[in-house]
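An overview of the molecular structure
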Amino acid sequence: MNFYVTQALGFLIIIPAIAGWVRYKNINPAFYPFLIWIWVGLINESIGLIMMLRGYYNIMNFNIFLLIQSLLILNLFRRWRLFKPEKTYYLFFVIFIIAWLGETVFISKLTNAFNSYFLIFHSFVIVLMSISTINMLLMKERALLVKNSIFLNCGAFVIFFTLSVLTETFWAYGLKLSPSFTNGINHIIVIANTFCIFVYTLAIVWMPKKQPFTLQF
């Protein structure tokens, strides 16, 4: 895939962004961090494209986005009542900030390189949180899960962030890969991201309305 096709597919995130904007007032607050994450992702894609078209790197905005992403998704799982006791959430919150600051200050300098190690770390944690949440749903949810927004989001998270861990590990540790293999990985990432975007859109369409509501776990 060439640069423009890849960028066009990435900007499909505008679909769930619009869906979330339309449904925002009626969606249960437990899903607000997810909607904010989608909107911030769209903003990051836009800034990154502008920077690249002007001949600059998009390293700084991407590194900042990684921190925002990690904290928003962490808060999302908190609202889904994954963290028991509650202090576990605050522990991960502090760990994420310290890990991001550590790599930013001592390795990437914010603008010199992508925060690859933080990307791998927080993506791995998100995958584990997603799997734990799916297991909770499987044990306690009696309704059809394919229309459960939490299940859909977690499934997409597992796919996307698992690929993020694997691919970023290749780059971070300087593994020697052939150009064809590298292109193949990039194609898989773009296709998986496109698939996840449509899953996110379905999840937003099926998100419960704002009303007295208890997440069933």
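Bear in mind that the values here come from a model prediction, so they are computed numbers and not experimental data. (Residues numbered from 1 in each chain as written. Predicted model: local features only at pLDDT ≥ 70, side-chain atom pairs only at ≥ 80, totals over all residues. Heavy atoms only, no water.)

Quick notes on the packing of aromatic side chains
What counts here: Pairs were defined over the aromatic rings of Phe, Tyr and Trp, the Trp ring being its six-membered one, requiring ring centres within 6.5 Å. Orientation was assigned from the angle between planes: stacked under 30 degrees, edge-to-face over 60, tilted for the rest. Strands here are runs of E lasting at least two residues and helices are runs of H or I lasting at least four, both read from the DSSP assignment and numbered beginning at the N terminus. Each residue's exposure class comes from its accessible area (1.4 Å probe, protein chains only) as a fraction of the maximum for that residue type: buried when under 20%, exposed when over 50%, partly exposed otherwise.
Scanning all chains against the criterion turns up 22 aromatic pairs. Measuring from centroid to centroid gives 5.4 Å for Trp37 and Tyr200, while their planes differ by 80°, and the two rings are edge-to-face. You can see Trp37 sitting in helix 3 (residues 32-53) and its partner Tyr200 sitting in helix 8 (residues 179-205), a full 163 residues away along the chain. When sorted by exposure, Trp37 lands in the same class as Tyr200, which is buried. Put simply, the rings of Phe31, Phe34, Trp37, Phe77, Trp80, Phe157, Phe160, Phe161 and Tyr200 pair up and form one aromatic cluster.

Some words on the nonpolar core
For the record, the criterion: The definition of a nonpolar core used throughout is a set of buried Ala, Val, Leu, Ile, Met, Phe, Trp, Tyr and Cys residues joined through side-chain atoms within 4.5 Å. Any pair of residues with heavy atoms lying within 4.5 Å of one another is described as a contacting pair.
Counting 50 residues, the largest nonpolar core has Phe34, Trp37, Phe77, Trp80, Met129, Phe157 and Tyr200 as its most contacted members. Breaking this core down by element, the ones donating at least two residues are helix 2 (14-23), helix 3, helix 4 (59-79), helix 5 (87-108), helix 6 (116-140), helix 7 (149-172) and helix 8. Once residues lying within four places of it in the same chain are set aside, the contact partners of Phe34 are Leu76, Asn153, Phe157, Tyr200, Ile204 and Met207.

Observations regarding a nonpolar patch on the surface
Here is the rule: Residues enter patches when their relative accessible area tops 30% and they take part in no salt bridge; the joining distance is 9 Å for like charges and 5 Å for the nonpolar side chains Val, Leu, Ile, Met, Phe, Trp and Tyr. In this description, accessible areas are obtained by the Shrake-Rupley approach with a 1.4 Å probe, and a residue is regarded as covered only by the protein chains that are shown. By salt bridge we mean one thing: a side-chain nitrogen of Lys or Arg within 4 Å of a carboxyl oxygen of Asp or Glu.
Nonpolar side chains collect at one region of the surface, where Leu101, Val105, Phe106, Ile107, Tyr117 and Tyr173 lie side by side and expose about 660 Å² of accessible area between them. At 4 residues, helix 5 tops the list of elements feeding residues into the nonpolar patch. Within the secondary structure, Tyr117 is located in helix 6. Looking at Tyr117, the relative accessible area reads 38%, which means it is partly exposed.

Thoughts on the packing of helix 6 against helix 7
As a reminder, the rule being used: To get an axis, fit a line to the C-alpha atoms, keeping to the stretch in contact for a helix; angles then go from 0 to 180 degrees between the N-to-C directions. Roughly parallel covers angles under 35 degrees, roughly antiparallel covers those over 145, roughly perpendicular covers 65 to 115, and oblique covers all other angles. Crossings are assigned a handedness: left-handed for a near helix turned anticlockwise from the far helix by less than a right angle, right-handed for a clockwise turn. All amino acids are sorted into three groups, where Ala, Val, Leu, Ile, Met, Phe, Trp, Tyr, Cys and Pro are nonpolar, Asp, Glu, Lys and Arg are charged, and the leftover types, Gly among them, are polar.
The N-to-C vectors of helix 6 and helix 7 enclose an angle of 150°; their axes lie 8 Å apart at closest approach. Here helix 6 is positioned roughly antiparallel relative to helix 7, judged by the angle of their axes. At the point where helix 6 passes helix 7, the crossing takes the left-handed sense. Looking at the contact of helix 6 with helix 7, its residues break down into 17 nonpolar, 9 polar and 1 charged.

Some details on the pattern of salt bridges
For the coordinates displayed, the defined rule picks out 1 salt bridge. The partner of Arg78 in a salt bridge is Glu86, with the nearest N and O atoms 2.5 Å apart. The class for Glu86 is partly exposed, based on a relative accessible area of 34%.

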